[in-house]
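# Remarks on the overall topology
Listed below are the residues making up each chain.
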Amino acid sequence: MEEGARSCLLLSRSSLEQDIRASYLMDHMISDGVLTGDEEDRIRSKLTRREQATALLELLLRKDNQAYISFYNALVRESYGDLASLLHNSLPLVSPEAVLSEGGVPQRPVVFVSRSALVNRVREKLYRLQKEPGWVTVFGMAGSGKSVLAAEAVRDHALITGRCFPGGVHWLSIGQLDRADLLVRIQSLCFRLEQQSQEKDPSSSLHRPPGSLEEAKERLRFLMLRRYPRSLLVLDDIWDSSVLKAFDIQCRVLLTTRDRSLADCVSGSKSEVAVESGLEEDQALEILALYVNGKPQRLPEQARSIVRECKGSPLVVSLIGALLREFPDRWAYYLHTLQQKKFKRIRKSSSYDYDALDQAMAASIQVLSEEHRELYIDLTVLEQDVKVPAKVLSVLWDLELEEVEDVLQDFVNKSLLFRDCHHRPYLYYLHDLQLDFLTEMNRSGLESLHTKVVRQYQQRYSQGPPTSGDEECLYWFRFLTYHMAKANLTQELYSLMFSLDWVRTKAQIMGPAHLINDYVEYGAILDKEILDRLQTDFRLSVSNLVFEDEHEEQVNHCQFTNTRRRLLLATCSNDKFMNTKLWNINKPSSQNTMFGHLEPVNHCCFSPDDAYLSTSSSDGTLKLWEVSSANEWKSIDVADVFPEQREQTEVIVKCSTWSADGRTIICAARNAVFVFDIETEAMLLEIRTSRLSTVQYCHACPSSKLVAIALSHYAVELWDIETSKKMADCSGHLSWVHGVQFSPDGSLLLSWSDDQTVRVGAWETNKVHTSSAVCLKRDSDVLFNNGDITVVAADNRNRLQVRGLATLQGHTRTVLHCQFTPEGHTLITSSEDTTIRVWRWRTGECVVLEGHKEQVRCFSLLTTSPSSETHLLSWSFDGTIKVWDMSSGERLQDLVCHQGAVLACDVSPDGQLFATTSADKTAKVWSRASWQCVRLLNGHQDCVRSCRFSWDGRRLATGDDNGEIRLWNVKDGTLLKICSRDNKDAMDSLHGGWVTDLHFSPDNTVLLSTGGYIKWWNVEKGEALQTFYPTGANLKRIHVSPDFSTFVTIDNIGILYILKKVE
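Per an unreviewed UniProt entry, the protein chain goes by Apoptotic peptidase activating factor 1 and derives from Hucho hucho.

Here is the structure:
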């Protein structure tokens, strides 16, 4: 330990011994690896608290700098701030190991072999990020050691302490996430970064957790660019491009993934490193030698055979090595086990080929005692990439916590389970391959295993759900519904999700995102349960004035023949046997009944010539019938296409449709659409959609080779079945799309959805392309002219769309703001590409204003007279204000206004003053004559995001990220009113999110604000007059007509609102 640090400890020793509790601090020091279990036991053996404190300090004085730093950090974490301040000035220089530990970088495995060539290639790519932000992608198959390689690459003193990443390395494990889980991960990262920043700078404060993905992305962008500008963000195990886009914030990123093309979706420089699927033989032998405490050259011959059998997989070699550590004489036995055991190859249910891993896993489990083997099988119910605390398994196994921890330690020692040591208490998880193996091995008993989880939970928490908020509590709130669904306990699931206690407690602990996700995820189960409950009281049937009540169960679909030559009606139902019938509309009873399906028939459809009828059933088959005789003509077993899932869950064929020429039949099941040749019954095409979505309906175009597919993730897709290509993604619906239908001539497409809307789209089938769906963003402007409304908005391809009039291209990144000049001939836009463009939008001509170093958030016109409107005021994340001559593009003024990013600016009506707001939680009023700050407005507790002068110039309104609005006296800077100070109406925000825009009425009596929703306020009283809740959320701007009667805005899902004041 450095002499200065040792002296500081000795000087502060009496104060430390008097106040600290050693037991609180030692947990943190053990996690940091500076204290051993034996040392902890010796200290705990002391009888009094002071004796324990004395023993800890004596031990600390014999250790190194890292122990001093760990002790200091433990004091801070346990709220001994006054004692930590005594040690702060003598902190030794931070070692790279401390930087990595603080950033959450995983520790090096106990048994480790360097792959120097690969590590150096990754470091070479990382050094290239020294000058500018970018992406380094490490890709390879599962089990190839990507995460270990990435962690080893950043263990480089020059990388961390040199010029590359002096801001540190921040590690985030991702895995397969939905939007709610992704938000939780980014919230956690932001909290960690802010906490570390606060430890270094006590004057900085913690913010409330971001409430949406967009808000989280902005918070992370601010932290990485302003507080950690030269740091490295490591994203481990990325699966989805949509997840990666959430981190496209112009920082330096190292990511590990199985898909090398993922980085194509983000901007910036890119490089990649491929990781071989297996180790070199000498590296694999070195790992085995380390496990048995030997030398590679002295290993028996069976060692080489084991490496060849397992194809050098790092994971498999580690598993076998762990077994040999326990039984070093079993080389021949484990080799024989690998060679002889015949396990079913996991091909369809997983993305890997687990030939060797299956065998290694079986050999690993066989060495467990019978009692432990049964407990290990219970882990089959865990979800991938989910870490669980020991308390959850204590409930599942009905064992004392200490017993559970001993069992888990045994599993960890045998490499059958992994432990996350960065959390206390520890969290445990299975590798994807281990979980896949357990699932396959216990496939027939999955339902009973999940049932056991539910029953054990119900026994432990019979008086109500847990409310502690710890890791165990969070696990049950996140995954109890998952276990119930997997156990097919639909009644319990229904009762739980409609229990007010459960809903209220989960919303309080986890927020609404997870709650809403449960209702979306298990909506189909809940709908079926509701229907079953109705059927116990009412008999559902189809009856009308013409037809007799022949179906005994629910009628699912009916369809008339296509031609009127012989008008027939086909119906299908949930009946067990007589589930498909043909009716002559002139007779009250059915003409024919088709026998063949043994489960409900969901859909029926006539062929184009009405000669045949297709039926789609829950028995997994698609059948074709001769209409004239009602005989079965052909039967296609669609369930055969899902061999790996057929035994686990039923395959339901939802619907079918015929091609225009009647030669092919198209059907939908699960997340796929299949095209079959009718003559040969051969499958011609398989269309797989997202694994997180299901196909609800499909319909073939009667005039082309297009087929429309309705999906549960709110979208419609168009496919060309002749070229096997997706032709378009059609978005716009706000909930599940349940049906699609082409018009008879194929020019129109109709879709209907749970969002209570029907949409009609016109398609020129020879011009349809994949980017045909254009979605407006919320950055927009509106021109009001004699009752006409012209809207300009950026679209999802960074183009400017002037509604129905023009499309302007030029910006290379997201357009952040756009605005018309008062006369309406000029359009001004700003962008993430750091530029401002001044357009003559009818001709497409533009002047580019360049000078900002970071994205230009917004701008304002300095004068209001159309004849003299040539100057422009712009502000940016770089903390500056700039004044421009719009005609020439010349920069007239350049002011550094705030320590943080400038978020908003407004010019007073007389043009003599302008106000700025910032992420530094302040607002300022500036004189245009002197370009000096004349008022500093303090008081906001979060980033000040918006501001607006009243029309008389006497008041200034400011809004912050906590939803608070303040009204100020411009003349002397005094605070006049705080709007809605005591009425929180959405989570912990006053406005459902950030306050993003403000407008005064012409008479200055009403203030309009936007955030999560739109509010109108009484200026004198500071009270809300009215609130409008949009379908989406996170409104950015609202545009107001001069008479304060019309209001236009766009929400986060692209819906345009035009609101009219009702007199």
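Read across the sheet, four strands follow the order E32-E33-E34-E35 without closing on themselves; strand pairing throughout is antiparallel. Edge strands, defined here as strands with exactly one partner in the open sheet, are strand E32 (815–820) and strand E35 (845–850). With strand direction ignored, the average angle separating the axes of adjacent strands in the sheet is 20°. Strand direction decides the pairing type here: E32 and strand E33 (residues 826–831), joined by five bridges, are antiparallel. For Val815, the partnering residue across the bridge sits in E33 and is Ser831.

It is worth spelling out the packing of helix H9 (residues 116–127) against helix H10 (residues 146–153) at this point. Remark: H9 packs on H10, axes separated minimally by 9 Å, with the N-to-C direction vectors making an angle of 60°. Between H9 and H10, the angle falls in the class oblique. As for how H9 packs across H10, the hand of that crossing is right-handed. Of H10, the residues touching H9 (which contributes Leu118, Val119, Val122, Arg123 and Leu126) are Leu149, Glu152 and Ala153.

Before going further, it helps to examine helix H4 (residues 37–44). What H4 keeps buried is the set Glu39, Glu40 and Ile43. The buried residues of H4 occupy one face: seen down the axis, they fall within an arc of 100°. Summarising the geometry of H4, the exposed residues directed more than 90 degrees from the buried face are Asp38 and Arg42.

Our next topic: the environment of Trp968. Along the chain, the position of Trp968 falls in strand E46 (residues 965–969). Classification of Trp968 as buried rests on a relative accessible area of 4%. Expressed as a C-alpha distance, the spacing of Trp968 and Leu956, which sit 12 residues apart in the sequence, is 5.1 Å. Leaving out residues up to four positions away in the same chain, Trp968 has contacts with Leu937, Asn938, His940, Arg954, Arg955, Leu956, Thr958, Gly973, Thr974, Leu975 and Leu976. Here the side chain of Trp968 touches Thr958 through a polar contact of 2.8 Å, side chain to side chain.

Here we come to helix H1 (residues 3–11). The α-helix winds at 3.6 residues per turn, so residues separated by three or four positions along the chain end up facing the same way. Of the positions making up H1, those classed as buried are Ala5, Cys8 and Leu9. Here the buried residues of H1 occupy an arc of 100° about the axis, which is enough to place them on one side. Within H1, the exposed residues directed more than 90 degrees away from the buried face are Glu3 and Leu11.

Bringing unusual backbone geometry into the picture now. The backbone of Gln250 shows a phi angle near 60°, a positive value even though the residue is not glycine. Considering the arrangement of structural elements, one finds Gln250 in the loop between helix H14 (241–245) and strand E4 (252–257).

Attention shifts here to the pairing of E35. Strand direction decides the pairing type here: strand E34 (residues 835–840) and E35, joined by six bridges, are antiparallel. Residue pairing in the sheet places Arg840 in a bridge with Glu845 of E35. Counted between consecutive antiparallel strands, the loop separating E34 from E35 contains four residues, among which Gly844 sits at a positive phi close to 90°.

Moving on, we get to the state of the cysteines. Simply put, disulfide is the name for a covalent bond between the sulfur atoms of two cysteines. Tallying each qualifying case throughout the model produces zero disulfides. Free cysteine Cys947: the closest other cysteine sulfur is in Cys905, separated by 6.2 Å.

What follows covers the environment of Lys924. Looking at the secondary structure, you find Lys924 in strand E42 (residues 923–927). Among the residues examined, Lys924 registers a relative accessible area of 18% and is labelled buried. Placed 13 residues apart in sequence, Lys924 and Leu937 show a C-alpha to C-alpha distance of 5.8 Å. Apart from residues lying up to four places away in sequence, Lys924 is in contact with Cys897, His898, Phe914, Ala915, Thr916, Cys933, Arg935 and Leu936. At a separation of 2.8 Å, a polar atom in the side chain of Lys924 contacts the main-chain carbonyl oxygen of Cys897.

Conventions used here
- Residues numbered from 1 in each chain as written.
- Predicted model: local features only at pLDDT ≥ 70, side-chain atom pairs only at ≥ 80, totals over all residues.
- Heavy atoms only, no water.
- Pairing = 2+ DSSP bridges.
- Helix = DSSP H or I, 4+ residues; strand = E, 2+ residues; numbered from the N terminus.
- Axes fitted to C-alpha atoms, helices over the stretch in contact; angles between N-to-C directions.
- Parallel < 35°, antiparallel > 145°, perpendicular 65-115°, else oblique.
- Left-handed = near helix turned anticlockwise from the far one by under 90°.
- Contact = heavy atoms within 4.5 Å.
- Buried < 20%, exposed > 50% of the residue type's maximum accessible area, 1.4 Å probe, protein only.
- Arc of directions from axis to C-beta.
- Polar contact = N/O pair within 3.5 Å; in protein donor to acceptor, adjacent residues only side chain to side chain.
- Disulfide = S-S within 2.5 Å.

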